[in-house]
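Coordinate inspection notes
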Amino acid sequence: MSLIFESEAPAGVSSTSPITLKINGSEKQFPIAPWTTLLDALREHLDMTGTKKGCDHGQCGACTVLVNGKRINSCLTLAVMQEGNDIQTIEGLSKGEQLHPLQEAFIEHDAFQCGYCTPGQICSAVGLMNEGKAHNASEIRELMSGNLCRCGAYTNIVDAIEDVMKKEGRVNQ
Amino acid sequence: MNPFAYTRAYGVDTALDEKTDVAQYIGGGTNLIDLMKEDVMHSELLIDVNHLPFHTIEETEAGGVRLGAMMTNAETAYHPLIEERYPLLSKAILSGASPQLRNMATNGGNLMQRTRCYYFYDTATPCNKRQPGSGCSAINGFNRIHAILGTSSECIATHPSDMCVALAALDAVVHVSGKNGKRTIPFTEFHRLPELNPEKDNTLQSDELITEIELPAEGFKDHFTYIKIRDRQSYAFALVSVAAALQLDGDTVRDVRIALGGVAHKPWRDQGAESLLKGKKATEENFEQVAETILANAQGFGHNTFKIELAKRAIIRALSEALVNQHHA
Ligand SMILES: Cc1cc2nc3c(=O)[nH]c(=O)nc-3n(C[C@H](O)[C@H](O)[C@H](O)COP(=O)(O)OP(=O)(O)OC[C@H]3O[C@@H](n4cnc5c(N)ncnc54)[C@H](O)[C@@H]3O)c2cc1C
Ligand code: SF4
Ligand code: FES
Ligand code: FES
């Protein structure tokens, strides 16, 4: 991992400038260097460590967040590119003490072991449901393939998602 | 990543004004940021092109459509006009990357993505594409994912895109704007072969910006397929892929398109081989003959030699599937 503080700006490039990001409904203003990824901004600058860093190269999905309702890999976008957008992270899914139905279902179905991939899996599943392209377990599997799980909790992850989709009448039964 | 400045362009003119040799356009960032983290690509200024006004799909007077270069791959693949009229393109896009990446990747960026050659990514090894004149580590190294057609003594890399294989089959046209004005590039002339200067992936000039991709009226929606053969069934690059499309008069082939991915420095079309099939019966025997012709000059480098037979079989299977495929939108 390259530390964000390490780099020196070339002549004429101011190393940090203030930006405003809208995260989980609230606006956060903070100074940041343009070469900071959204993932590093969340974890290192805002102490929002719910979003995880797995590979840092778009290959694992641990860093998945929602931007304007769509799931993306926060490790491959710059924080400055997301100014003006609506960013949602795992921290923003519950309503107070009330968990999001997908969070409930992951607990119910034992859909994790170490839990490291889980925030990414859940945010990805929220995106999947927003997209509305999965209608059965095999389509859920294909459209969740951007999220790897080293512990191999895949079958339970698919069950958890399918369960929520069934309750909302979104899968062919 | 090296330190850089960032600017957003809201108009083509400003984007072009800001573009110099040490500046890069950035779309979804899914390839550029990755390569900058790996120290393979560098930039002093990133020009964010996502706010340029090329986010729609419009029907053209010629009966085709124009895709905005800043639309995402997901928006394009799921667009009703594309699903209905160009299902081959939808299928190819959806076989690539992951849902998250397709939500970020832009159509322009997809065309411009760099090779996945492991030595290109590894700055500790020689690579003519990354550092001209340093040598090619793949020719005598591990080359399982490398090219079998159109290679040169300097580079045997492949172009990794799925979307581009479909665009080559469909005879798309790329619209670009540069400091000297606008021009169009036929898709088969957009990417190039490595020859003696593999550092150039394509024929775009360094200041030029892709603004739109145009598809002709014929979308081959009745008989098409995209087959992608890879090490795992999802979220992996193609070892070999085939976009196949047919137009039939009864059981006679009126028109045929065959484009291959994973086998060359560009999506591979062989119009000469295609024309062998035109006017002939759509039989497995004739499909075999076309496959043999397309691979006649193929050359393996050891680990990738299996791709020659794999590509032949994939072509035959793709044409057979396209024959019976009926699109149900
Ligand atoms: C883990 C992983 C798996 C993947 N798997 C697949 C796969 O299976 N199949 C597949 O096809 N692809 C795959 N991809 C690649 C992905 O499709 C590309 O990274 C993506 O399409 C690039 O688009 P982008 O908008 O993010 O480009 P960027 O990263 O923003 O840009 C890429 C290049 O294009 C240039 N550029 C961007 N927009 C323009 C423009 N409008 N005009 C001129 N130049 C421009 C940039 O300067 C840069 O050099 C994968 C990527 C990852 C990370
Ligand atoms: S195949 Fe091309 S990209 Fe790979 S090491 Fe050789 S020159 Fe570099
Ligand atoms: S950390 Fe972003 S995809 Fe792995
Ligand atoms: S629960 Fe451990 S990686 Fe998925």
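Calculation notes
Residues numbered from 1 in each chain as written. Chains lettered and ligands numbered in written order. Predicted model: local features only at pLDDT ≥ 70, side-chain atom pairs only at ≥ 80, totals over all residues. Heavy atoms only, no water. Helix = DSSP H or I, 4+ residues; strand = E, 2+ residues; numbered from the N terminus. Rg over C-alpha atoms; globule rule 2.2 N^0.38 Å. Buried < 20%, exposed > 50% of the residue type's maximum accessible area, 1.4 Å probe, protein only. Contact = heavy atoms within 4.5 Å. Domains from an automatic or database assignment. Buried area = accessible area lost by both parts, 1.4 Å probe. Salt bridge = Lys/Arg side-chain N within 4 Å of Asp/Glu carboxyl O. Near = heavy atom within 4 Å. Nonpolar A, V, L, I, M, F, W, Y, C, P; charged D, E, K, R; others polar. Polar contact = N/O pair within 3.5 Å; in protein donor to acceptor, adjacent residues only side chain to side chain. Areas by Shrake-Rupley, 256 points an atom, 1.4 Å probe, with all protein chains shown as cover.

Along the backbone of chain B there are 13 helices and 12 strands. The globule rule puts the C-alpha radius of gyration for 329 residues at 20 Å, and the 19 Å found for chain B is close to it. With the C-alpha coordinates of chain B rotated into their principal frame, the extents come out at 60 × 50 × 35 Å. For chain B, the proportion of its 329 residues judged to be buried stands at 60%. Intrachain contacts of chain B at a sequence separation of at least 6 include 65% that bridge at least 24 residues.

Residues and elements named next belong to chain A. Segmentation of chain A into domains returns domain 1 (14-91) and domain 2 (101-167). Put simply, the middle of domain 1 and the middle of domain 2, counted by C-alpha atoms, are 22 Å apart. Each partner contributes residues to the interface: domain 1 has 15 residues there, and domain 2 has 17 residues. The contact between domain 1 and domain 2 buries some 1200 Å² in all, and 55% of this surface belongs to carbon and sulfur atoms. Summed over the shared surface of domain 1 and domain 2, the result is 1 salt bridge.

This part is about the domain arrangement of chain B. Assigned domains of chain B: these are domain 1 (5-50) and domain 2 (224-324). Each of domain 1 of chain B and domain 2 of chain B has a C-alpha centre, and these two points are 36 Å apart.

Below, the discussion takes up the site of ligand 2. Taken together, 14 residues lie around ligand 2, and C117, C127, C136, C155 and I156 of chain B are the ones closest in. Classifying every residue of the shell around ligand 2 by side-chain character gives 9 nonpolar, 3 polar and 2 charged.

What follows covers the side chain of S43 of chain B. Residues and elements named next belong to chain B. The residue S43 is located in the loop between α2 (32-37) and β3 (45-48) in this model. Separated by 2.9 Å, the side chain of S43 and the backbone oxygen of L45 make a polar contact. Not counting residues up to four positions away in its chain, the partners in contact with S43 are N2, P3, F4, V22, A23, Q24 and M36.

On to the site of ligand 1, then. In the vicinity of ligand 1, 35 residues are found, and the nearest of them are Y25, G27, T30, T106 and D162 of chain B. Chains contributing residues near ligand 1 are chains A and B. Within the backbone of L32 of chain B, one N or O atom sits 2.7 Å away from an oxygen atom of ligand 1. Relative to its unbound accessible surface of 980 Å², ligand 1 loses 96% to contact with the protein. Within the residue set of the shell around ligand 1, elements represented by two or more residues are β2 (23-26), α7 (107-112) and β8 (209-215) of chain B. Per-element tally for the shell around ligand 1: the top contributor is α7 of chain B, with 4 residues. When grouped by side-chain class, the residues that make up the shell around ligand 1 number 14 nonpolar, 17 polar and 4 charged.

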